[in-house]
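Below are the chains, spelled out letter by letter.
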Amino acid sequence: MTDHQCPHCHNHVPHGASVCRGCQAELEYGPPPGLLWAVICIPALLGIFSNSNLGIIAGIAVAVTGAMYLKRKMKDRVAFNRR
């Protein structure tokens, strides 16, 4: 992978770093944790509340497939979070 440029201080940050050395912004790789949990929990809960075995299996299958798709689609995402 290549270096990233911090949008806050314009410092070059190597891929894999957890913090920008210039402004101490934290780097987050991959999908946002909240979105990943939503993709997993919503279909799984809908399957569980359907009160049928087929609904539970389908809900869990959709949750797992959605999480794998989201991780693959957003694997190159880098977010700089500064407090």
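Just above, that's the structure.
Residues numbered from 1 in each chain as written. Predicted model: local features only at pLDDT ≥ 70, side-chain atom pairs only at ≥ 80, totals over all residues. Heavy atoms only, no water.

K.L.:
Would you take a moment to explain the pattern of salt bridges for this structure?
P.N.:
Side-chain pairs of opposite charge can arise where the charged atoms are in close proximity. Under the criterion given, the structure shown has 1 salt bridge. Where R77 meets E28, a salt bridge forms, and the shortest distance between an N and an O atom there is 3.1 Å. With a gap of 49 residues between them, R77 in the loop between α2 (53-73) and β4 (78-81) and E28 in strand β3 (residues 26-29) connect regions that are remote in the sequence. Among the residues examined, R77 registers a relative accessible area of 24% and is labelled partly exposed. Judged by its relative accessible area of 21%, E28 falls in the partly exposed class. (Salt bridge = Lys/Arg side-chain N within 4 Å of Asp/Glu carboxyl O. Helix = DSSP H or I, 4+ residues; strand = E, 2+ residues; numbered from the N terminus. Buried < 20%, exposed > 50% of the residue type's maximum accessible area, 1.4 Å probe, protein only.)

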